[in-house]
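# Examination of the molecular architecture
One-letter residues, chain by chain:
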Amino acid sequence: MNMSDKPLKNIIVMVSGGGTNLQALIDAEKDGRIKGGKITCVISSKPDAYALVRAQENGIPTRVISRKSFAKFEDYTDAIHEALYEEYADLIVLAGFMTILDEKIIKAYPYKIINVHPALIPSFCGKGYYGLKVHEEALKYGVKVSGATVHFVNEEADAGAIILQKPVEVRNDDTPEILQRRIMREAEWKILPEAVSLFCQDRIYIENGKAYIR
Ligand code: GAR
């Protein structure tokens, strides 16, 4: 059986903000660069995330599951779990998703959740390192190279098996915003669609807890 005979994998993208990584995925799908998969739903943790507009403009069904609308974290987790089940999720992509996922969800989708992080893990990652904060810390440290990482999500923040990484130069006059944009443009928007396509073609395998590409 060749790849084209296989059913397309349902890709669920989880977002919280502007959604430029979601846009990179949408563009890649349109250009035929996501082989073996299709974005079938976008789930946002915020009702006003611009990522939702991007999804709607491209005819992708959306759902909003906001932490604030649930008194208990447990109920919020159950709502996400139910949505992923209803959407027949084959791959879950965290693309600027700023809420922690409960272990229950992570355990239900082993090596099926991937995240894009705006630094070269294990630098500038872990609890509290998200969005602009990552770039502020990289500049504070004075690193000359930063970049982006796409990795599987496990129970520990930013600690799952690394799929792809791409370095990006840090310049003397960078601000966190300028560095963030360069890392998005030169790394995140490239390696996220690439990793998603590799996953959907079953080209990523795990050995001794590490991810490799065939
Ligand atoms: C991206 O830079 C992504 O790597 C980062 O948030 C931004 C979201 O932008 N994610 C994290 O920091 C997660 N630890 P986007 O909404 O435009 O894709």
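Preceding this section is the structure that the text describes.
Residues numbered from 1 in each chain as written. Predicted model: local features only at pLDDT ≥ 70, side-chain atom pairs only at ≥ 80, totals over all residues. Heavy atoms only, no water.

## Remarks on the nonpolar core
Generally speaking, nonpolar side chains in soluble globular proteins are found buried as a group. Definition in use: Note on terminology: a nonpolar core comprises buried Ala, Val, Leu, Ile, Met, Phe, Trp, Tyr and Cys residues joined through side-chain atoms within 4.5 Å. A simple rule labels every residue: compare its accessible area, found with a 1.4 Å probe on the protein chains alone, to the largest value its type can have, and call it buried under 20%, exposed over 50%, or partly exposed in between. Put simply, DSSP marks the helices as runs of H or I at least four residues long and the strands as runs of E at least two long, and each gets a number from the N terminus on. Two residues form a contact once any of their heavy atoms are found within 4.5 Å.
Counting residues in hydrophobic clusters, the biggest one holds 43 residues, and the most contacted among them are Ile11, Val13, Val93, Ile114, Ile163, Leu192 and Val196. Examining the composition of this core, we find that 10 residues originate from one element, helix H6 (residues 176-200), more than from any other. In contact with Val93, other than residues within four places in its own chain, are Ile11, Ile12, Val13, Met14, Leu25, Ile114, Leu192 and Val196. Core analysis: the second largest hydrophobic core is formed by 20 residues, Ile43, Ala79, Phe97 and Leu101 among them.

## Digging into the environment of Glu169
Quick note on the threshold: A 3.5 Å cut-off defines polar contacts: any pair of N or O atoms within that distance qualifies, except that in protein one atom must be a possible hydrogen donor and the other a possible acceptor, and neighbouring residues in sequence count only when both atoms are side-chain atoms.
Tracing the chain through its elements places Glu169 in strand S7 (residues 162-169). Counting along the chain gives 22 residues from Glu169 to Gly147, while the straight-line C-alpha distance between them is 7.7 Å. Non-local contacts of Glu169, meaning those with residues more than four positions away in its chain, are made with Lys144, Asp174, Leu179 and Arg182. In terms of polar contacts, Glu169 uses its side chain to reach the side chain of Arg171, at 3.4 Å.

## Section: unusual backbone geometry
Backbone torsion omega between Ile121 and Pro122 reads 15 degrees, so that peptide bond is classified as cis. With respect to the helices and strands, the residue Pro122 is situated in the loop between strand S5 (113-117) and helix H5 (132-141). Positive phi is not limited to glycine here, since Tyr88 has a value of about 50 degrees. Of note, Tyr88 is situated in the loop between helix H3 (73-86) and strand S4 (91-94).

## What about the packing of aromatic side chains?
Rule in force here: Two rings from Phe, Tyr or Trp (for Trp, the six-membered ring) form a pair when their centres are within 6.5 Å of each other. A pair whose planes differ by under 30 degrees is stacked, one over 60 is edge-to-face, and the rest are tilted.
Per the counting criterion, the structure on display carries six aromatic pairs. Consider the rings of Phe73 and Tyr76, whose centres lie 5.9 Å apart with planes at 45 degrees: the pair is tilted. In this pair, Phe73 and Tyr76 are both assigned in helix H3, three residues apart and thus about one turn of the helix distant. The exposure class assigned to Phe73 is partly exposed, which follows from its relative accessible area of 32%. Through a chain of ring-to-ring contacts, the aromatic side chains of Phe70, Phe73 and Tyr76 assemble into a single cluster.

## What about H5?
Counted only if it meets this: Working note: the arc is built from the helix axis to C-beta atom directions.
If you check which residues of H5 are buried, you get Val134, His135, Glu137 and Ala138. Looking straight down H5, one finds its buried side chains confined to an arc of 160 degrees; they lie on one side. Close packing links the buried residues of H5 with S5 and H6. Within two residues after H5, Gly142 carries a phi angle of roughly 90 degrees, on the positive side.

## Structural notes on the pattern of salt bridges
Filter applied, for reference: The term salt bridge refers to a side-chain nitrogen of Lys or Arg lying within 4 Å of a carboxyl oxygen of Asp or Glu.
Within this structure, the stated rule accounts for 11 salt bridges. With a shortest N-O distance of 2.9 Å, Lys6 and Asp202 are connected by a salt bridge. In this pair, Lys6 sits in the segment before strand S1 (9-15) while Asp202 sits in the loop between H6 and strand S8 (204-207), placing the two residues 196 residues apart along the sequence. In this structure Lys6 comes out as partly exposed when scored by relative accessible area, which is 32%. With relative accessibility at 32%, the residue Asp202 sits in the partly exposed group. Between Lys104 and Asp78 there is a salt bridge, and its shortest N-O distance comes to 2.6 Å.

## A word on the site of the ligand
Basically, it comes down to this: Nearness is judged by heavy atoms alone; a residue qualifies as near a molecule or strand once a single heavy atom is within 4 Å of it. Per-residue and other accessible areas follow the Shrake-Rupley method at a 1.4 Å probe size, with only the shown protein chains counted as cover for residues.
Around the ligand lies a shell of 15 residues, among which Gly19, Thr20, Asn21, Gly131 and Glu188 are the nearest. In the environment of the ligand, an oxygen atom lies 2.7 Å from a nitrogen or oxygen atom belonging to the side chain of Thr20. Between the ligand and Glu188 there is a distance of 2.7 Å, counted from an oxygen atom to a side-chain nitrogen or oxygen. Contact with the protein chains covers 92% of the free accessible surface of the ligand, which is 450 Å². Elements supplying a minimum of two residues to the shell around the ligand: helix H1 (20-30), S5 and H6.

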